[in-house]
Amino acid sequence: MARIDLVDLAHSYGGNDAPPESFALKPVTMTWRQGGAYALLGPSGCGKTTLLNLISGIVTPSRGKILFDGRDITPLSTQKRNIAQVFQFPVIYDTMTVGENLAFPLKNRGVAKAEVNARVKQIADLLDLTPYLNRKATRLTADAKQKISLGRGLVRSDVAAVLFDEPLTVIDPELKWQLRSKLKALHREFDLTMIYVTHDQTEALTFADTVVVMHDGRVVQSGTPAELFDKPAHTFVGYFIGSPGMNILPAEVSGHEARIDGHVIGLRRNYGVLPSSKKIEIGVRPEFVDVAAPASGLLSAAIERIDDLGRIQFARVRVGNAKFAARVPPGFSIPGNTAGLIFNPAHVHVYADSQLVEGVA
Amino acid sequence: MDKTVNQKAWFLVLPVFLVVAFSAVIPLMTVVNYSMQDTFGNNQFFWNGVGWFKELLDPSTDLGGRFLASLGRNLLFSAIILAIEVPLGIVVALSMPREGWSVAACLVILALPLLIPWNVVGTIWQIFGRPDIGLLGYVLNHLGLDYNYVSNDVDAWITVIVMDVWHWTSLVALLCYAGLKSIPDAYYQAAQIDGASRWAVFKAIQLPKMNRVLLIAVLLRFMDSFMIYTEPFVVTGGGPGNSTTFVSIELVKIALGQFDLGKAAALSLVYNLIILIVCWVFYTVMTNAGSERPAKEGVA
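Quick caveat: nothing in here was measured; it's all calculated off a predicted structure.

Asks: I tried to follow the overall build of chain B on my own but got confused; where do I start?
Replies: Tallying secondary structure elements over chain B gives 12 helices and two strands in all. Each helix (α) and strand (β) of chain B, taken in turn from the N terminus, gives the series α-β-β-α-α-α-α-α-α-α-α-α-α-α. Against the globule reference of 19 Å for 300 residues, chain B gives a C-alpha radius of gyration of 25 Å, more extended than a compact globule. Counting only C-alpha atoms, chain B reaches 90 × 75 × 35 Å along its principal axes. A total of 300 residues make up chain B; the buried ones form 40% of that total. Here the analysis covers contacts within chain B between residues at least 6 apart in sequence; of these, 65% occur between residues at least 24 apart. If you sum the accessible surface of chain B, you get close to 16,400 Å²; carbon and sulfur atoms cover 70% of it.

What follows is the structure, given as structure tokens:
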């Protein structure tokens with residue numbers, strides 16, 4: 001049970017002298033509060049597993065410090081950090097029964113037998129593993145094995161945080177939901193800090209109360225799922241989260257107006273004059289742009305196809321050469337191959353060199 | 001449409017048939033034929049039925065006594081070298097580096113003894129152990145140890161065993177190393193997180209994961225040591241006395257030394273049968289070990 005602080009933490013597999021761009025994890029400073037459910041979200045190779053391994057102590061950072069409850073644990077080995085970790089592929093001690101697997105971390109720490117049995121029984125109950133306690137663990141299904149891996153972390157009463165490294169990769173889809181709700185229930189019950197690495201946005205958004213989005217070794221945004229959706233701090237977040245992702249179009253922005261190919265789109269905030277050296281783009285989620293019949297006041301777009309997602313329809317269009325997605329209002333039928341786009345000014349964001357620009361209200 | 005009758009197709013099978021016949025069936029049948037007869041030379045054969053087989057299994061006869069004694073020696077030899085080579089191979093594999101240039105260096109050094117022809121290995125140790133000109137024998141004798149593999153049974157056994165360990169431990173080590181390399185890093189990381197000691201990691205992860213390669217290693221080493229001929233023959237010639245006469249050496253003595261083709265053929269068949277049975281037992285054990293699949297029912 002601990003608050004975790006990362007202080008200027010960075011890591012390069014090429015050593016500390018490697019050029020800054022090559023760092024697998026660029027310097028990051030952030031605080032994870034005790035009892036929080038965090039998700040590290042990002043594509044493969046974005047540094048999320050590196051960050052996780054730094055926290056668990058499997059990898060020693062090139063730079064910076066990690067504090068658990070204010071105590072510097074950077075030089076401590078994995079054993080001494082009181083961390084539990086669930087790996088991508090279930091790690092099971094083949095020759096042991098489920099019960100012996102669960103007891104293993106306690107036995108290694110010399111816990112008295114009676115206490116071991118009590119803990120194992122309690123955790124097995126929680127994870128619904130009781131009927132399997134005396135079975136060989138190798139013969140169980142992948143989701144049961146992942147539960148055992150998790151259980152080995154939970155049996156220890158001193159766990160500071162539970163780390164998950166894409167733990168549902170090998171689980172059947174219908175069981176993923178069950179296991180994820182189990183995790184949420186455990187989180188509520190134990191008040192544990194949980195850190196969950198994944199590249200699946202649904203997993204991240206449903207599991208975590210704070211999602212940390214990583215891109216190219218950097219933390220680009222950390223916030224609640226709603227924040228990530230409504231106000232992406234980086235074009236990558238906008239694009240990566242949401243399906244379809246955020247539309248991003250190059251534009252000229254001044255004051256309350258964005259100009260795309262001479263067409264003016266109104267903005268809610270005043271952006272003044274932005275530096276001309278930066279690449280200026282506007283970003284808007286497909287949910288906040290409606291297609292309409294072409295009209296002189298609307299940005300015109302060429303319709304390529306309509307994706308019917310059941311609950312909602314999205315039109316895939318082109319604005320100039322850029323691909324764009326927009327909502328098809330219920331009951332609207334498209335007259336031809338071209339359409340006009342109606343923007344919701346409250347949800348149009350401005351980005352300079354991919355970073356969100358906060359306008360003045 | 002009627003089926004075309006084309007007996008020429010049989011000709012396609014003929015090459016295989018001939019090869020198998022000449023390479024396996026005919027030689028084997030010749031041996032079976034010999035094993036039922038006795039010969040006094042000059043290609044004169046006399047029917048003996050299962051006489052030789054009865055003698056083979058009866059220790060009171062000359063043939064049976066020699067066969068069973070050499071079989072006993074051979075089993076003892078196999079047991080000793082397995083008891084040494086398997087644990088030693090595991091230790092060597094565990095202490096080998098995991099990455100870097102030293103991996104290649106270790107592999108080459110380990111592979112060297114395996115690449116030396118068997119009778120060269122025998123010659124090396126024959127000379128190495130000689131008290132007059134051999135480095136090992138000379139040094140041991142000058143250290144006050146009375147070591148002479150030509151006259152002392154125990155010394156002869158020690159020499160043959162050490163030679164086999166030197167020659168073949170590498171094979172076990174290489175197989176174990178391959179087994180160890182196939183263990184994903186996550187297992188070691190999980191064990192670290194679970195606070196496992198070095199010994200616990202070995203017992204809970206490494207040994208179970210090496211299970212299958214170890215079975216193969218034991219099978220290969222048992223078979224090879226059970227059929228051993230060249231090395232002890234070059235070093236001790238089966239002596240002193242009969243103390244290092246293993247089954248194959250006895251067999252060659254009977255077949256080529258005494259030219260008792262009938263006895264030798266019967267011995268060959270029994271020898272062959274023992275090896276086949278042990279192979280089959282190993283095969284069964286291995287396939288059973290591999291068939292442990294996860295149960296189908298879900299655990300929710």
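Past the structure itself, the notes keep going.
Asks: Which parts of the structure should I look at to understand the interface of chain B and chain A?
Replies: Often the size quoted for an interface is simply the accessible area lost on bringing the parts together. Taken residue by residue, the interface counts 26 residues in chain B and 32 residues in chain A. When the two sides are added together, the surface that chain B and chain A hide from each other amounts to roughly 2,400 Å², 55% of it contributed by carbon and sulfur. Applying the counting criterion to the chain B and chain A interface returns two salt bridges. For the salt bridge of Asp94 of chain A with Lys209 of chain B, the shortest nitrogen-to-oxygen distance reads 3.0 Å.

Asks: Mind showing me how you'd approach the domain arrangement of chain A here?
Replies: Residues and elements named next belong to chain A. As assigned here, chain A comprises domain 1 (4-238) and domain 2 (249-357). Placing the centre of domain 1 and that of domain 2 at their C-alpha centroids yields a distance of 39 Å. Taken together, the contacts link 10 residues of domain 1 with nine residues of domain 2. Of the roughly 860 Å² buried between domain 1 and domain 2 on both sides combined, carbon and sulfur atoms contribute 52%. One can count zero salt bridges joining domain 1 with domain 2. Run the count over domain 1 and domain 2 and you get seven residue pairs in polar contact (both at pLDDT 80 or more).

Asks: Where do I start with the pairing of strand S17 (residues 299-308) of chain A in this structure?
Replies: Walk down a regular strand and you will see the side chains alternate between the two sheet faces. Residue and element names in this part refer to chain A. Here S17 pairs with strand S20 (residues 338-343) via four bridges, running antiparallel. In the sheet register, Ala301 faces S20, and the bridge partner there is Ala339. Here six bridges tie S17 to strand S18 (residues 313-319), and the two strands are oriented antiparallel to one another. Looking at S18, one finds that Ile306 is bridged to Ala315. Linkage of S17 to S18, two consecutive antiparallel strands, is achieved through a turn of four residues, within which Gly310 is found at a positive phi near 90°.

Asks: I tried to follow the nonpolar core on my own but got confused; where do I start?
Replies: The nonpolar side chains of a soluble globular protein tend to be buried, and buried together. Of all hydrophobic cores here, the largest spans 57 residues; its most connected members are Tyr93 of chain A together with Ile205, Met210 and Leu267 of chain B. Listed by contribution, the elements that provide at least two residues to this core are helix H2 (51-56), helix H3 (62-95), helix H4 (101-115), helix H7 (153-181), helix H8 (185-193), helix H9 (198-226), helix H11 (247-257) and helix H12 (261-290) of chain B. Here the element with the most residues in this core is H9 of chain B; it accounts for 14 residues. For Tyr93 of chain A, the residues in contact, after removing those within four places along its chain, are Asn101, Phe104 and Arg152 of chain A together with Ala190, Ala191, Asp194, Ala204 and Ile205 of chain B.

Asks: Just to check I follow, could you spell out helix H4 (residues 142-154) of chain A for this structure?
Replies: Structurally, the α-helix is built with 3.6 residues per turn, so residues lying three or four positions apart point the same way. Compared with an ideal rise of 1.5 Å per residue, which puts 13 residues at 18 Å, H4 of chain A spans 18 Å between its outermost C-alpha atoms and is within 8% of the ideal. Most of H4 of chain A sits out of view: 12 of its 13 residues are buried. Looking at the packing, one finds that the buried side of H4 of chain A touches strand S6 (83-86), helix H2 (98-108), helix H3 (113-126), strand S7 (161-165) and helix H5 (173-190) of chain A together with H8 of chain B.

Asks: What exactly am I supposed to notice about the side chain of Gln146 of chain A here?
Replies: All names here are of chain A. You can see Gln146 is positioned in helix H4. What makes Gln146 buried here is its relative accessible area of 4%. Setting aside residues no more than four positions away along its own chain, Gln146 makes contact with Val86, Phe87, Gln88, Phe89, Pro90, Pro167, Ile171 and Leu179.

Asks: I'm lost on the sheet that holds strand S21 (residues 349-352) of chain A in this one. Help?
Replies: Strands belonging to one sheet form pairs held by backbone hydrogen bonds; the direction of such a pair is parallel or antiparallel. Residues and elements named next belong to chain A. The strand order S11-S15-S21-S22 describes an open sheet built from four strands, whose pairing is antiparallel. Only two strands of the sheet have a single partner each, and these edge strands are strand S11 (247-250) and strand S22 (355-357). Pairwise comparison of adjacent strand axes, ignoring direction, gives a mean angle of 40° for this sheet. Both S11 and strand S15 (residues 280-284) contribute to a ladder of four bridges, which runs antiparallel. Across the sheet, Leu249 pairs through a bridge with Ile282, a residue of S15.

Asks: Can you walk me through the sheet that holds strand S5 (residues 71-72) of chain A in this structure?
Replies: Residue and element names in this part refer to chain A. Spatial strand order, S2-S1-S4-S5: four strands in an open sheet with antiparallel pairing. A single partner strand is all that each edge strand has here, and the edge strands are strand S2 (25-32) and S5. As defined by bridge partners, strand S1 (residues 4-11) adjoins S2 across five bridges and the pair is classed as antiparallel. Of the residues in S2, the one forming a bridge with Ile4 is Trp32. Running over the sheet, helix H1 (residues 48-56) touches S1, S2 and strand S4 (63-68) and is turned about 120° from S1.

Asks: What's the story with the packing of H8 of chain B against H9 of chain B in this structure? I'm lost.
Replies: Pairs of packed helices are described in terms of their axes, by the angle between the two and the distance that separates them. Residues and elements named next belong to chain B. Running from N to C, H8 and H9 point in directions that differ by 165°, and their axes come no closer than 10 Å. Between H8 and H9, the crossing angle belongs to the class labelled roughly antiparallel. Seen along the crossing, H8 lies across H9 with a hand that is right-handed. On H9, the residues touching Tyr187, Tyr188 and Ala191 of H8 are Val201, Ile205, Gln206 and Lys209. Grouping the amino acids of the contact of H8 with H9 by side-chain chemistry returns five nonpolar, one polar and one charged.

Asks: Before we go on, may I ask you to explain unusual backbone geometry in this structure?
Replies: Residue and element names in this part refer to chain A. Of the consecutive residues Ser243 and Pro244, the connecting peptide bond is found in the cis state with omega at -5°. For Pro244, the location among the structural elements is in the loop between helix H8 (235-240) and S11. For Asp69, which is not glycine, the phi dihedral falls at a positive 50°. Its location among the elements puts Asp69 in the loop between S4 and S5. Taking the relative accessible area as the measure of exposure, Asp69 reaches 48% and is therefore partly exposed. Residue Asp353 is not a glycine yet carries a positive backbone phi of 45°.

Asks: Can you walk me through the packing of aromatic side chains in this structure?
Replies: Here the distance between the centres and the angle between the planes together describe a pair of aromatic rings. Residues and elements named next belong to chain A. The tally for this structure, following the rule as stated, stands at 19 aromatic pairs over all chains. Following the ring pairs from residue to residue traces out a cluster consisting of Phe164, Tyr196 and Phe207. Here Arg180 stacks its cationic end above the ring of Trp177, 4.6 Å away from the centre of that ring. Over the face of the ring belonging to Phe229 we find Arg285, whose NZ or CZ atom lies 4.5 Å from the ring centre.

Scoring rules and cut-offs
- Residues numbered from 1 in each chain as written.
- Chains lettered and ligands numbered in written order.
- Predicted model: local features only at pLDDT ≥ 70, side-chain atom pairs only at ≥ 80, totals over all residues.
- Heavy atoms only, no water.
- Helix = DSSP H or I, 4+ residues; strand = E, 2+ residues; numbered from the N terminus.
- Rg over C-alpha atoms; globule rule 2.2 N^0.38 Å.
- Buried < 20%, exposed > 50% of the residue type's maximum accessible area, 1.4 Å probe, protein only.
- Contact = heavy atoms within 4.5 Å.
- Areas by Shrake-Rupley, 256 points an atom, 1.4 Å probe, with all protein chains shown as cover.
- Buried area = accessible area lost by both parts, 1.4 Å probe.
- Salt bridge = Lys/Arg side-chain N within 4 Å of Asp/Glu carboxyl O.
- Domains from an automatic or database assignment.
- Polar contact = N/O pair within 3.5 Å; in protein donor to acceptor, adjacent residues only side chain to side chain.
- Pairing = 2+ DSSP bridges.
- Core = buried A, V, L, I, M, F, W, Y, C linked by side-chain atoms within 4.5 Å.
- Expected span 1.5 Å × (residues − 1).
- Axes fitted to C-alpha atoms, helices over the stretch in contact; angles between N-to-C directions.
- Parallel < 35°, antiparallel > 145°, perpendicular 65-115°, else oblique.
- Left-handed = near helix turned anticlockwise from the far one by under 90°.
- Nonpolar A, V, L, I, M, F, W, Y, C, P; charged D, E, K, R; others polar.
- Phe/Tyr/Trp six-rings, centres within 6.5 Å; stacked < 30°, edge-to-face > 60°.
- Lys NZ or Arg CZ within 6 Å of the ring centre and 35° of its normal.

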